Amino acid sequence: MEQQSKTVPLPPGDGSCCSPARTRAQPATASAASTDLPPDADAGNRDPTSRDAPSLVPLAGGSFLMGCDDPGAYAEDGEGPVREVRLQPFAIDARAVSNRRFAAFVAATGHRSDAEVDGSGFVFAGFLPDDFPATRAVAAAPWWREVERADWRHPEGPGTDLTGREDHPVVQVSWRDAQAFCAWAGLRLPSEAEWEYAARGGLVQQRFPWGNQLTPEGQHRMNVFQGRFPDRNTVKDGYPGTAPVDAFPPNGFGLFNMTGNVWEWTADRWSTTWQRTAPPEDPRGPDEGDRRVLRGGSYLCHASYCWRYRTSARMSSTPDSPTGNVGFRCARDAG
Ligand SMILES: [Cu+2]
């Protein structure tokens, strides 16, 4: 389908079909001056019923069964073994961080995202014109393009903007951008264990945040890919790309879109073996390793190639990789 004259090499077995990773040696392209959303520095303190109010949901923590040993799950991703993990109480955002919230952070701090500094981000080819030069296809996943001057304000590159997407999750943000936002907000990224506990919503060893059925009573409960990946998206769930951060009913903890919509950065470093010997008390990932854990799956996940839109499924990327299907939510210690 596409000619690939230049490819970005990717390590195997890292779920990179879901979301490509930056490799170093980027061209030092200056990012274009761009229009911002209206400055909204007090966005965090407005109407608490607003979509963008940072509604942190307090969670009790305690003991839960983490991981999954289902035959259909990805053992090679380190989804198993199922093990008992105990967490201190903590609080987590009910919703992923929206474009409006991220704009308030940028207005207040002047933060320049990794995509802006490096001059590019990864964009799903289905959102690009048919004649988009295929010179920047990603080797292991040719439906991804590295697009110059794609960044959080221009998720599909120059000429695209956030109009109508103010309440969608911010994307094209790296792990480092997510860290910077959380620190500014007085928060932190959740650990992987906290994320999974939150996603499960109080249910025990269920596949999705609401149970085991993908579409209970025929209802779509999250934003993933329907049709034939990657070239025919039937959009049965209503969203070809991102959905608003509060689309679909929340889980039992009142948390929206823990699976589907966008992958979410967590604090932890990636390993597929560390969890076999990890301490059961508040595990925080291994001390070494470059890649960071992503959880939840995205609007591009389809069972035909990536059944990772489940509560236990895992993926990773490098901490400087901005992608059109990766965002984040924040957490903090209780009290
Ligand atoms: Cu996926």
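Residues numbered from 1 in each chain as written. Predicted model: local features only at pLDDT ≥ 70, side-chain atom pairs only at ≥ 80, totals over all residues. Heavy atoms only, no water.

The helix and strand inventory of the protein chain stands at four helices and 15 strands. Residues counted as buried form 57% of the 335 residues belonging to the protein chain. Residue pairs in contact within the protein chain that sit at least 24 positions apart in sequence constitute 75% of those at least 6 positions apart. Summed over all atoms, the accessible surface of the protein chain reaches about 13,500 Å², with 51% contributed by carbon and sulfur. (Helix = DSSP H or I, 4+ residues; strand = E, 2+ residues; numbered from the N terminus. Buried < 20%, exposed > 50% of the residue type's maximum accessible area, 1.4 Å probe, protein only. Contact = heavy atoms within 4.5 Å. Areas by Shrake-Rupley, 256 points an atom, 1.4 Å probe, with all protein chains shown as cover.)

Only one face of strand S2 (residues 56-59) is buried: it carries Val57 and Leu59, and the other face, with Leu56 and Pro58, is open. Pairing analysis gives four bridges linking S2 to strand S5 (residues 90-93), with the strands arranged antiparallel. Within the sheet, the bridge partner assigned to Val57 lies in S5 and is Ile92. (Pairing = 2+ DSSP bridges.)

Attention shifts here to the sheet that holds S5. Read across the open sheet, the three strands follow the order S2-S5-S15; overall the sheet is antiparallel. Strands with a single pairing partner mark the edges of an open sheet, and in this sheet they are S2 and strand S15 (331-333). Strand-to-strand, the axes of this sheet are offset by a mean angle of 25 degrees, without reference to chain direction. Where S5 and S15 come together, three bridges link them in antiparallel fashion. Within the sheet, the bridge partner assigned to Ala91 lies in S15 and is Arg332. (Axes fitted to C-alpha atoms, helices over the stretch in contact; angles between N-to-C directions.)

In space, the four strands of this open sheet follow the order S13-S12-S11-S14, with mixed pairing throughout. Looking at which strands have only one partner, the edges of the open sheet turn out to be strand S13 (314-317) and strand S14 (326-327). Of the strand pairs in this sheet, strand S11 (residues 263-269) and strand S12 (residues 292-295) are connected by three bridges, and their pairing is antiparallel. Each bridged residue has a counterpart across the sheet, and for Trp265 the counterpart in S12 is Leu294.

A word on the packing of aromatic side chains. For the structure on display, the rule yields 21 aromatic pairs. Ring plane angle 65 degrees and centroid distance 5.2 Å describe the contact between Phe102 and Phe105, whose orientation is recorded as edge-to-face. Note that Phe102 and Phe105 are positioned in helix H1 (residues 99-109) at a spacing of three residues, about one turn of the helix. Just as Phe102 is buried, Phe105 falls in that class too. The interplanar angle of 50 degrees and the centroid separation of 5.5 Å between the aromatic rings of Phe105 and Trp184 together place this pair among those described as tilted. Note that Phe105 is positioned in helix H1 and Trp184 in helix H3 (residues 175-184), a separation of 79 residues in sequence. For Trp184, a relative accessible area of 36% gives the class partly exposed. Taken together, the ring pairs connect Phe124, Phe127, Trp143, Phe225, Phe229, Tyr299 and Tyr305 into an aromatic cluster. (Phe/Tyr/Trp six-rings, centres within 6.5 Å; stacked < 30°, edge-to-face > 60°.)

Here the focus is the side chain of Ser271. Relative to the assigned elements, Ser271 resides in the loop between S11 and S12. Of the polar contacts made by the side chain of Ser271, one reaches the backbone nitrogen of Thr273; its length is 3.0 Å. A polar contact is formed between the side chain of Ser271 and the backbone nitrogen of Trp274, at a distance of 2.9 Å. Excluding anything up to four places from it in sequence, Ser271 contacts Pro286 and Arg314. (Polar contact = N/O pair within 3.5 Å; in protein donor to acceptor, adjacent residues only side chain to side chain.)

Taken as a whole and assessed by the stated rule, the structure comprises 20 salt bridges. A salt bridge links Glu196 to Arg295, with the nearest nitrogen and oxygen atoms 2.8 Å apart. Taken as a pair, Glu196 in helix H4 (residues 192-200) and Arg295 in strand S12 lie far apart in primary sequence, 99 residues in all. By relative accessible area, which is 0% here, Arg295 ends up buried. (Salt bridge = Lys/Arg side-chain N within 4 Å of Asp/Glu carboxyl O.)

Attention now goes to the nonpolar core. Within the largest apolar cluster, 43 residues are counted, with the highest numbers of intra-cluster contacts made by Phe102, Trp144, Trp152, Trp265, Leu300 and Phe328. Of all elements in the fold, only H1, strand S6 (120-124), strand S8 (141-148), H3 and S11 reach the threshold of two or more residues within this core. With 18 residues, the next largest nonpolar core counts Met66, Val85, Ala198 and Leu255 among its residues. (Core = buried A, V, L, I, M, F, W, Y, C linked by side-chain atoms within 4.5 Å.)

Right, let's get into the environment of Ala183. Residue position: Ala183 is located in helix H3. Separated by 147 residues in sequence, Ala183 and Cys330 place their C-alpha atoms 9.4 Å apart.

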